[in-house]
Amino acid sequence: MTVAIKIIVFLFGMIICVQLIAALYGIIDLWYTFRTEYQKVIRRILIWSVLTIAIAWLLGNQLRPAFLWGLVGYFVFYPAAYSGLKLFQIRNRRLLEKG
């Protein structure tokens, strides 16, 4: 049962990381109107950051490592998956140009 709970907490950490990354993308998404929307962007980043820290703190010593590994795991997986997809598209374009 403990392993199942740790897996669920790990996946929950990945979900929270998705939201944290989405909040950080607000800076890029709203760059053109950042002067008027900066309060919303900063508020969203702060809310997800504080929520992440609070969840990690509340989980305790048994489940905290699984949560943090979920955060770190997705943070590493996200750019790796993006880069892999780009390389896959480049390879497919080259194959189509040859054929």
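Scroll up to find the structure this text is about.
Attention here is on the structure that accompanies the text. None of these values were measured; they are calculated from a predicted model.

**Considering the overall build of the protein**
Counting secondary structure elements, the protein contains 2 helices and 0 strands. Relative to its length of 99 residues, the protein is extended, with a C-alpha radius of gyration of 18 Å against a globular reference of 13 Å. Along the three orthogonal principal directions, the C-alpha set of the protein runs to about 55 × 45 × 15 Å. When burial is assessed residue by residue, the protein has 20% of its 99 residues classed as buried. Within the protein, contacts between residues separated by at least 24 positions form 68% of all contacts whose residues are at least 6 apart in sequence.

**Topic: the nonpolar core**
Counting residues in each nonpolar core, the largest one holds 15 residues, and the members touching the most others are Val9, Ile16, Cys17, Phe67 and Leu71. When residues of this core are traced back to their parent elements, those giving at least two are α1 (2-29) and α2 (34-98). In terms of residues, this core owes the most to one element, α2, which gives 10 residues. When sequence neighbours within four positions are dropped, the list of residues in contact with isoleucine 16 reads Trp48, Thr52, Ile55, Phe67 and Leu71.

**Some points on a nonpolar patch on the surface**
Judged by side-chain polarity, Leu24, Tyr25, Ile27, Ile28, Phe34, Tyr38, Ile42 and Leu46 come together as a nonpolar surface patch covering roughly 710 Å² of accessible area. Taken together, the elements giving at least two residues each to the nonpolar patch come down to α1 and α2. Secondary-structure assignment places leucine 46 in helix α2.

**Concerning the environment of cysteine 17**
By secondary structure assignment, the location of cysteine 17 is in helix α1. Beyond its immediate stretch of four places on either side in the chain, cysteine 17 contacts Leu71, Tyr74 and Phe75.

**Focus: the packing of aromatic side chains**
Per the counting criterion, the structure on display carries 5 aromatic pairs. Between the aromatic rings of tryptophan 31 and tyrosine 32, the centroid separation amounts to 6.2 Å while the plane-to-plane angle is 90°, which identifies the pairing as edge-to-face. The same class applies to tryptophan 31 as to tyrosine 32, namely exposed. Ring geometry for tyrosine 74 and phenylalanine 77: centres 5.9 Å apart, planes at 50°, overall tilted. One end of the pair, tyrosine 74, and the other, phenylalanine 77, are both in helix α2, 3 residues apart, so they sit about a helical turn from each other.

Thresholds, definitions, all that
- Each chain has its residues counted from 1, running along the sequence as written.
- Local features in this predicted model are restricted to residues whose pLDDT is 70 or higher, and side-chain atom pairs enter the listing and the counts only when it is 80 or higher, whereas totals over whole chains, interfaces and linings include all residues.
- Side-chain metrics rest on all non-hydrogen atoms present in the structure, leaving aside hydrogens and water.
- Under the scheme used here, helices are H or I runs from DSSP no shorter than 4 residues and strands are E runs no shorter than 2 residues, and both carry numbers assigned from the N terminus.
- Computation of the radius of gyration draws on C-alpha atoms, with the globule rule given as 2.2 Å multiplied by the number of residues to the power 0.38.
- Only protein chains enter the area calculation, which uses a 1.4 Å probe; residues under 20% of their type maximum are buried, those over 50% are exposed, and those in between are partly exposed.
- Contact definition: two residues touch when any of their heavy atoms are within 4.5 Å.
- Side-chain atoms within 4.5 Å link the members of a nonpolar core, which is a set of buried Ala, Val, Leu, Ile, Met, Phe, Trp, Tyr and Cys residues.
- Patch members must show over 30% relative accessible area and no salt bridge, and they are joined within 9 Å when carrying like charges or within 5 Å when they are nonpolar side chains of Val, Leu, Ile, Met, Phe, Trp or Tyr.
- Each accessible area is a Shrake-Rupley result for a 1.4 Å probe, and residues are judged covered by the shown protein chains and nothing else.
- For salt bridges, the criterion is a side-chain nitrogen of Lys or Arg within 4 Å of an Asp or Glu carboxyl oxygen.
- In this analysis, rings of Phe, Tyr and Trp, with Trp reduced to its six-membered ring, are considered paired at centre separations within 6.5 Å, and the interplanar angle assigns stacked below 30 degrees, edge-to-face beyond 60, and tilted for intermediate values.

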